[in-house]
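Residue-level structure breakdown
So the chains spell out like this:
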Amino acid sequence: MGENTTVRWLLFFFLPALFVYGLLHVYSSKPAEAKKSADLTAEEEAGRKVYNKFCVGCHGENGDGKTLAAEFFRDKPPNFHTAVFRWKSTPEGCLPTDEDLLHVLNWGIPQTPMPSFKLVPEVQKRAVIAYIKTFARDKWEKGQPDPQKCQSVYKDIKRPDYFGTPESIERGKNLYAMNCAACHGNNGEGDGPVAATLPVPPTDLTYPVRAAGPKPEDTFRVLTVGLEGSPMPKFDYLSEQDRWDLVSYIAYLMNKGK
Ligand code: HEC
Ligand code: HEC
């Protein structure tokens, strides 16, 4: 008798209750989200929090940049899944360095909606950099396609003595007319005859702040590697002096009104 009751109790009450409890447990732990966090390292998880606080509104929860905010922007946020970056110091086809990404976060991209996060502590910026890499984890894990070629060009950049001299500005002016005016306009205001046909408008080079960074070396870097994925070409076929003369000239354009 006693044994029978126990078996019945087990069959009709305890086992079904255990089953329901199990189901509840599975569903209440939201498997999708749990998986997401479990896949992330501690730094990436910290970065996810930073991202959700500061970046998600423009760059989107899944990092593809297709956000409501972006619809109103002239300059669109990148799709982090492609791992193609525009604002970097490595040649075309290469990943940016962490320093490049940190540079973008510190400086922002003036004349576009991308703000500066200079005031956010560096550990948090490093964490969010680790997190945005998770949107294209396979590409980042593979690393640079060609480690030899894919080095930052900053290490070879040395500002020459003639930078900013009247002679350099004059030479740069001629080079500018030949190589740049079609897009950036005769006066550098981004209104050349080709400008309207481009998917991204040419930067107004008379604006007092440079998108690529505050130093002449940053502008030299843009001329050397271009802006991958945008119409701005690289001019590495021009001699180093030509490129520095161009930097002299557009630095002059930037400061002319001041
Ligand atoms: C107000 C909107 C906005 C916010 C907030 C924002 N971004 Fe951006 N971001 C942009 C836009 C727009 C661009 C594209 C600018 C361009 O290349 O013309 C961009 C570009 C970038 C780039 C450079 C991409 C490239 O092609 O080189 C990085 C990296 C980046 N954002 C990371 C972040 C991170 C990380 C955060 C948060 C800490 C953040 N952004 C917050 C709008 C935003
Ligand atoms: C085919 C058109 C085209 C030509 C030619 C061109 N540019 Fe650009 N340039 C652009 C576009 C478009 C951008 C903006 C890209 C973006 O925001 O993603 C740009 C951006 C730049 C930037 C970055 C802006 C900043 O504030 O840091 C610099 C510097 C620049 N161009 C200089 C030059 C110089 C100097 C030349 C000539 C040697 C030149 N460009 C030739 C289209 C062009």
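So, how was this worked out
Residues numbered from 1 in each chain as written. Chains lettered and ligands numbered in written order. Predicted model: local features only at pLDDT ≥ 70, side-chain atom pairs only at ≥ 80, totals over all residues. Helix = DSSP H or I, 4+ residues; strand = E, 2+ residues; numbered from the N terminus. Buried ≥ 20, exposed ≤ 12 C-beta atoms within 10 Å, placed from the backbone. Near = placed C-beta within 6 Å. Nonpolar A, V, L, I, M, F, W, Y, C, P; charged D, E, K, R; others polar. Axes fitted to C-alpha atoms, helices over the stretch in contact; angles between N-to-C directions. Parallel < 35°, antiparallel > 145°, perpendicular 65-115°, else oblique. Contact = placed C-beta atoms within 7 Å. Core = buried A, V, L, I, M, F, W, Y, C linked by C-beta atoms within 7 Å. Domains from an automatic or database assignment. pLDDT = per-residue confidence, 0-100. Left-handed = near helix turned anticlockwise from the far one by under 90°.

Along the chain, the regular secondary structure elements total 11 helices and 0 strands. Mapped in sequence order, the helices and strands of the chain form the string α-α-α-α-α-α-α-α-α-α-α. Within the chain, buried positions represent 24% of all 258 residues.

A few words now on the site of ligand 1. Around ligand 1, the surrounding shell holds 24 residues, and the nearest of these are Cys55, Cys58, Asp75, Arg86 and Met114. Those elements that place two or more of their residues in the shell around ligand 1 are α4 (56-59), α5 (98-107) and α6 (122-133). Taken together, the residues of the shell around ligand 1 sort by class into 18 nonpolar, 3 polar and 3 charged.

A separate point is the packing of helix α3 (residues 42-54) against α6. One can describe the packing of α3 onto α6 by two numbers: an axis separation of 7 Å at closest approach and a directional angle of 100°. By the angle between their axes, α3 is roughly perpendicular relative to α6. Contact residues: Glu43, Glu44, Ala46, Gly47, Arg48, Val50 and Tyr51 in α3; Gln124, Ala127, Val128, Ala130 and Tyr131 in α6. Within the contact of α3 with α6, the residues separate by chemical class into 7 nonpolar, 2 polar and 3 charged.

Now for the environment of Trp140. Topologically, Trp140 is positioned in helix α7 (residues 137-142). Assessed through the 15 C-beta atoms surrounding it within 10 Å, Trp140 is described here as partly exposed. Those residues in contact with Trp140 that lie beyond four places of it in its chain are Ala83, Leu95 and Lys133.

Taken together, 26 residues form the shell around ligand 2, and within it Cys180, Cys183, Ala211, Ala212 and Met232 come nearest. Those elements that place two or more of their residues in the shell around ligand 2 are α9 (181-184), α10 (216-225) and α11 (240-255). Classifying every residue of the shell around ligand 2 gives 18 nonpolar, 5 polar and 3 charged.

Further remarks concern the nonpolar core. Ranked by size, the top nonpolar core spans 32 residues in total, and within it Val128, Tyr131, Leu246, Val247, Tyr249 and Ile250 carry the most contacts. Secondary structure elements with two or more residues in this core: α3, α5, α6, α8 (166-179), α10 and α11. Residues lining this core come from more than one domain, with at least three contributed by each of domain 1 (40-150) and domain 2 (157-255). When residues no more than four places from it in sequence are discounted, the contact partners of Leu246 are Gly172, Leu175, Tyr176 and Leu223.

Bringing the confidence of the model for the chain into the picture now. Residues of the chain with pLDDT of at least 70 account for 84%, and the chain-wide mean is 90. Residue range residues 20-35 is modelled with pLDDT below 50. Its contacts to residues more than four positions away, or to other chains, number 1 contact.

The next thing to look at is the environment of Ala182. Mapped onto the fold, Ala182 is located in helix α9. Between the C-alpha atoms of Ala182 and Ala195, which are 13 residues apart in sequence, the distance is 7.5 Å.

Close contact between α10 and α11 brings their axes to 9 Å; oriented N to C, the two are set at 125°. As judged from the angle between their axes, α10 and α11 are oblique. At the point where α10 passes α11, the crossing takes the right-handed sense. Residue-level contacts link Pro216, Thr219, Phe220, Leu223 and Thr224 of α10 to Arg243, Trp244, Leu246, Val247, Ile250 and Ala251 of α11. Of the residues contributing to the contact of α10 with α11, the split by class is 8 nonpolar, 2 polar and 1 charged.

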